[in-house]
Amino acid sequence: MWVLWAFGSALCAGLSSVLAKCGVKHTDSTLATALRTVVVLAMAWAVVFLAGAQAGVAAISPAGWAFLVLSGLATGASWLCYFKALQLGDVNRVVPVDKLSTVLTILLAFAFLGEEPSALRLVCTAAIGAGSWLMAWNPGERAPRPASGHGWLFYALLSALFAALTSILAKLGMAGIDSNLGTAIRTAVVLVMAWAVALATGKTKGLRAMSGREGWFIALSGLATGGSWLCYFRALQLGPASAVAPIDKLSILVTVAFSWLVLGERLSRRAALGLGLLCAGTLGMLAA
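Residues numbered from 1 in each chain as written. Predicted model: local features only at pLDDT ≥ 70, side-chain atom pairs only at ≥ 80, totals over all residues. Heavy atoms only, no water.

A.B. asks: How should I be thinking about the overall build of the protein in this particular structure?
C.D. replies: Broken down by element type, the protein carries 12 helices and zero strands. Across the protein, helices and strands are ordered from the amino to the carboxyl terminus as α-α-α-α-α-α-α-α-α-α-α-α. Taking 288 residues into account, the globule formula puts the C-alpha radius of gyration at 19 Å, and the protein, at 18 Å, falls close to it. Taken along its principal axes, the extent of the C-alpha atoms in the protein is 55 × 55 × 30 Å. Out of the 288 residues belonging to the protein, those deemed buried represent 53%. On the protein, the mean spot of the 20 positive side-chain charges and the mean spot of the 10 negative ones are 7 Å from each other. (Helix = DSSP H or I, 4+ residues; strand = E, 2+ residues; numbered from the N terminus. Rg over C-alpha atoms; globule rule 2.2 N^0.38 Å. Buried < 20%, exposed > 50% of the residue type's maximum accessible area, 1.4 Å probe, protein only. Lys, Arg positive; Asp, Glu negative; His and termini not counted. Charge placed at Lys NZ, Arg CZ, Asp CG, Glu CD.)

Written as structure tokens, this is what we have:
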């Protein structure tokens, strides 16, 4: 059952990336992150109350609270970096670098969660890493916004690091509690962090200048993210982190398809080879 939840997460996450890209063309990425989190939080707590899981708050241990809060902080940091990278670079380059979080998650799961590092899993992990590298580093392709330089790469790498920490901390924090409740608590932490950063940096002034069209894209991205989170952390609760994280990263297929149809971005042969390796490594993790 966890496999279906993981694939549902991948579908929603892929839609979220493209919708977010459309929403940060002129809106500051930090402000967009804060606004999206409001939508995600409302959706997460609505699901909690519909499921009647709110009573489980009293049963969360101090250690559980600590891991959930840390996971939320890691998620907030990952989001802020990710959407800054999306604002500076192409979706088809930013997303593969962010997917390196899969490799980090797998390695951390082996090290801290006691999951078995079989030979097949190590080969699949290497394939995912190689595929991400081929898609992100494409020296023969002209960047559509050369003025942005490689700033997007720095933020995308930070996003991957924090996303990997998110998965491990969430796996530890949601042991024995309802996954929807855990997601809602984490989202509340992200909301506080995102708005604190937006207020501290003066980004909230951009609310008046934001177009209604970009506001809708940001809201839709938040709904897609909420759906992705609810599916992902349910899958993470039921299945091994070293397998759930790679399946979730198949969202790149959805992202690439929509970036081609909506944003007009194309894959080179090198990037297509990388996508093939990434998907093969991910599917291989299921067999492992």
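More follows now that the structure is in view.
A.B. asks: Please clarify how a nonpolar patch on the surface should be interpreted in this entry.
C.D. replies: Among the surface-exposed residues, Met-1, Leu-4, Trp-5 and Leu-238 lie close enough to one another that they form a single nonpolar patch of about 440 Å² accessible area. If you trace the backbone, Met-1 turns up in the segment before helix H1 (2-23). (Patch = residues over 30% accessible without salt bridge, like charges linked within 9 Å, V, L, I, M, F, W, Y side chains within 5 Å. Areas by Shrake-Rupley, 256 points an atom, 1.4 Å probe, with all protein chains shown as cover. Salt bridge = Lys/Arg side-chain N within 4 Å of Asp/Glu carboxyl O.)

A.B. asks: I'm lost on the packing of helix H5 (residues 100-112) against helix H10 (residues 241-248) in this one. Help?
C.D. replies: Packed helices, taken two at a time, are described by their axes: the angle between them and the distance between them. Relative to each other, H5 and H10 sit at 175 degrees, their axes nearing to 8 Å. Classified by the angle between their axes, H5 and H10 sit roughly antiparallel to one another. Contacts between H5 and H10 involve Thr-102, Thr-105, Ile-106, Ala-109 and Phe-110 from the former and Ala-241, Ser-242, Ala-245 and Pro-246 from the latter. Split by residue class, the contact of H5 with H10 holds six nonpolar, three polar and no charged. (Axes fitted to C-alpha atoms, helices over the stretch in contact; angles between N-to-C directions. Parallel < 35°, antiparallel > 145°, perpendicular 65-115°, else oblique. Contact = heavy atoms within 4.5 Å. Nonpolar A, V, L, I, M, F, W, Y, C, P; charged D, E, K, R; others polar.)

A.B. asks: Before we go on, may I ask you to explain the side chain of Glu-214 in this structure?
C.D. replies: Relative to the assigned elements, Glu-214 resides in helix H9 (residues 212-238). The buried charged residue Glu-214 lacks any salt bridge partner; its closest oppositely charged side chain belongs to Arg-213, at an N-O distance of 5.9 Å. Engagement of the side chain of Glu-214 in a polar contact is seen with the side chain of Thr-27, the distance being 2.5 Å. If we skip the residues at most four places from it in the chain, Glu-214 touches Cys-22, Gly-23, Lys-25, His-26 and Thr-27. (Polar contact = N/O pair within 3.5 Å; in protein donor to acceptor, adjacent residues only side chain to side chain.)

A.B. asks: Looking at this structure, I do not really get the packing of aromatic side chains. What am I missing?
C.D. replies: Each aromatic ring pair is summarised here by two numbers: the centre-to-centre distance and the angle between the ring planes. All chains considered together, the criterion is met by five aromatic pairs. When the ring of Trp-45 is compared with that of Phe-49, the centres are 6.0 Å apart and the planes differ by 40 degrees; the resulting orientation is tilted. You can see Trp-45 and its partner Phe-49 sitting in helix H2 (residues 29-51), four residues apart, about one turn around the helix. Trp-45 gets classed as partly exposed once you look at its relative accessible area, which sits at 25%. Their ring planes at 75 degrees and their centres at 5.4 Å tell us that Phe-154 and Tyr-155 sit as a pair that is edge-to-face. Taking NZ or CZ as reference, Arg-36 lies 4.5 Å from the ring centre of Trp-79, over its face. (Phe/Tyr/Trp six-rings, centres within 6.5 Å; stacked < 30°, edge-to-face > 60°. Lys NZ or Arg CZ within 6 Å of the ring centre and 35° of its normal.)

A.B. asks: It is not clear to me how the environment of Gly-173 should be interpreted in this structure. Could you clarify?
C.D. replies: Along the chain, Gly-173 falls in helix H7 (residues 151-173). Note on Gly-173: relative accessible area 2%, which makes it buried. With residues up to four places along the chain from it excluded, the contact list for Gly-173 reads Gly-64, Phe-67 and Leu-68.

A.B. asks: What exactly am I supposed to notice about the pattern of salt bridges here?
C.D. replies: Pairs can form between side chains of opposite charge once their charged atoms are near each other. Within the structure shown, the criterion is met by one salt bridge. Close ionic contact of Asp-28 with Lys-203 constitutes a salt bridge, the shortest N to O distance being 3.6 Å. One end of the pair, Asp-28, is in the loop between H1 and H2; the other, Lys-203, is in the loop between helix H8 (179-200) and H9, and 175 residues separate them in sequence.

A.B. asks: I keep staring at H5 and nothing clicks. Help me out?
C.D. replies: Residues three or four positions apart in an α-helix share a direction because the helix packs 3.6 residues into each turn. Between its terminal C-alpha atoms H5 stretches 18 Å, which fits the 18 Å expected from 13 residues at 1.5 Å a residue. All buried positions along H5 are accounted for by Leu-100, Ser-101, Thr-102, Val-103, Thr-105, Ile-106, Ala-109 and Phe-110. The elements touched by buried residues of H5 are helix H4 (91-98), helix H6 (119-136), H7, H10 and helix H12 (269-287). Two residues or fewer past H5, Gly-114 is found with a positive phi of approximately 75 degrees. (Expected span 1.5 Å × (residues − 1).)

A.B. asks: Please clarify how the nonpolar core should be interpreted in this entry.
C.D. replies: Burial of nonpolar side chains together is a common tendency in soluble globular proteins. By size, the foremost hydrophobic cluster in this structure holds 56 residues, and its most contacted members are Leu-86, Val-94, Val-97, Trp-152, Phe-233, Leu-236 and Ile-252. Residues in contact with Leu-236, not counting those within four places in the same chain, are Ser-167, Ala-170, Lys-171, Ala-241 and Val-244. One finds Val-24, Leu-31, Ala-32 and Ile-218 within the second-largest nonpolar core, a separate group that totals five residues. (Core = buried A, V, L, I, M, F, W, Y, C linked by side-chain atoms within 4.5 Å.)

A.B. asks: Even after reading the chapter, I still don't get H8, so can you show me in this structure?
C.D. replies: Along its 22 residues, H8 runs 32 Å from first to last C-alpha, staying within 8% of the 32 Å computed at 1.5 Å per residue. Between the side-chain oxygen of the N-cap and the backbone nitrogen of Asn-180 there are 2.9 Å, and the N-cap of H8 in question is Asp-178. Downstream of H8 by one or two residues, Gly-202 has phi in the positive range, about 70 degrees.

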